[in-house]
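Below are the chains, spelled out letter by letter.
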Amino acid sequence: MLLGDMIKGNARKHPDKTSVVLDNTRYTYSQFNCRINRLANTLLDQGIRKGDRVAVLADACLQYIEVFFATAKCGMVCVPVNNMLDNDGISYIINNSEAVALVFGEKYSATVNSISSGLDTVRNFIVIGEAPGAASYEDLTSRYPADEPEVAVDEDDLAWLLYTSGTTGLPKGVMLSHKNLIANTVNTIISNFPVSSNDTHLNLLPMFHSGMLCHMNCLFYIGGTNVFLERFDPGLFYGTLSQEGVTTSALVANMIVPLIEYPDIDKHDISGLRMVVSAGAPMSPELLKRANNIFGDIFMDVFALTEAAPMLTGPPLLEGPWEEVKRPGSAGKEMLNIEVKVVNEDGSEAAPGEIGEIVARGDNIMMGYWKMPEETNRVLGDGYLHTGDLASKDKDGYFHITGRKKDMIISGGNTIYATEVEDAIYSHPSVSEVAAIGVPDEALGELVKAVVVLKKDKEITAEEIIRLCQDKLENHKVPKSVVFTDRLPKTPTAKVLKNVLKKKYG
């Protein structure tokens, strides 16, 4: 099966079923497939060919989704661009991908105008809306037929080129084939995201985020309905739940805080929401407790990363009901059709409870990094994807994520995992968010520093935080200093930028 077959197949089987919704616009599967085909035939007539890259720079809109599937039907490669980057970052992704076309939202006209002279390979500019010097998306596509494009596409062809967030260097282009994406979709639905054609899924993450794309694909595969928000906003989230009959959603853990602290939750009906997938980082026990008090026991922690298209582990729902298979604080078990294990530095498999690096292999694992053969060989050279993430695996096969290798703190020869410290501090009822970092120390190498965001109108001292940690942690893990801030620096996908905190407080 190929990526474009999901929309094509449902247009045949469920032509009148609602496929996508955003704001006041909604399309059935038949209507959506026709729009996708019109775009596909437009791109082909513009001289864009199989294997060519088509970049997209826009906010959430239904045209964005159309590009994903129109390019897939033509064997082209979609390159979603992080729209929160500065001009240099945007230019880097477009140039690095060697995109021959750029589809952009009207809001980004000034950006495109300022960087266009430096875009080495782009020869087609298509605007969603109006912009000088660019062809209008709607006007252009309306001229072409809705016939299925006749392009031979193979499951091993590159479909999407997704760039990492670049928190520790330049973004890397993750090459995902049709096989990678379909394998991930099937694995996810069977293993831990049991959706049906009756489900309506609310997509909260940015369009360039692999987690959003994963769950979007699951609903398209099964013939469900995908609802998108123009932006992540708690009020918009709660209003959409009842308006569209939302049953499932997915987010990253850091998005939970603004949702559970929204003051007008009781004005909305949230009873229809039955399942929310949480990824990006493990939810602390205190945060999970607060979320469950509002929504019920519907949150499922998973482990995912772009290079795995992106899912690797999750609650083993095939093994029994949620009440029996859940393990608070765990990212679940390896998913079907994937091998996931924890290894030591020498590559040997870690014993139960021992912390090591997560490695994985399966049909969902990326083809490699775009134009980075050495880096590709470094992470895939032995046949396994080396994730750079640390975890332990218990005797029952459940994974417990510890953090990133680069976030480990080494103090006096002792290894400290930031999540241990953060979970302890999260247990204080006045704490909204926290990040633990290592700061240089001449004697011990590094010391633990906690950067804390308090809930609105709450007060607590650094000394109280330290005493709390002394009660819960071994002495070498206790923060030696605590600073308070109004907000933590984050990527557009809500990952805390610990390198920024280290520069500021180190």
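Residues numbered from 1 in each chain as written. Predicted model: local features only at pLDDT ≥ 70, side-chain atom pairs only at ≥ 80, totals over all residues. Heavy atoms only, no water.

Q: Sorry, what's going on with the packing of aromatic side chains here?
A: Within a pair of aromatic rings, the relevant descriptors are the distance that separates the centres and the angle that separates the planes. In total, this model carries 11 aromatic pairs according to the counting rule given. Members of the aromatic cluster, joined through ring pairs, are Y27, Y29, F32, Y64, F68, F69, W160 and F220. (Phe/Tyr/Trp six-rings, centres within 6.5 Å; stacked < 30°, edge-to-face > 60°.)

Q: Honestly, the sheet that holds strand 27 (residues 481-484) in this entry has me stumped. Any pointers?
A: Pairing between the strands of a sheet is mediated by backbone hydrogen bonds and can be parallel or antiparallel. Ordered by their spatial adjacency, three strands build an open sheet running 25-26-27, and the pairing between neighbours is mixed. The sheet terminates laterally at strand 25 (431-441) and strand 27, the two strands that pair on one side only. On average, adjacent strands in this sheet sit at an angle of 25° to one another, irrespective of strand direction. With four bridges connecting them, strand 26 (residues 445-454) and strand 27 associate as parallel partners. Across the sheet, V451 pairs through a bridge with V483, a residue of strand 27. Taken strand by strand, helix 14 (residues 418-426) contacts strand 25 and strand 26, and its axis lies near 140° from that of strand 25. (Pairing = 2+ DSSP bridges. Helix = DSSP H or I, 4+ residues; strand = E, 2+ residues; numbered from the N terminus. Axes fitted to C-alpha atoms, helices over the stretch in contact; angles between N-to-C directions. Contact = heavy atoms within 4.5 Å.)

Q: Quick question: what am I supposed to make of the sheet that holds strand 17 (residues 333-334) here?
A: Strands sit in the order 15-16-17 across an open sheet of three strands; the sheet is antiparallel. In this open sheet, the two edge strands, each paired with only one partner strand, are strand 15 (303-304) and strand 17. Summarising the sheet, strand 16 (residues 311-314) and strand 17 pair through two bridges and their orientation is antiparallel. Directly across from G314, in strand 17, lies its bridge partner K333.

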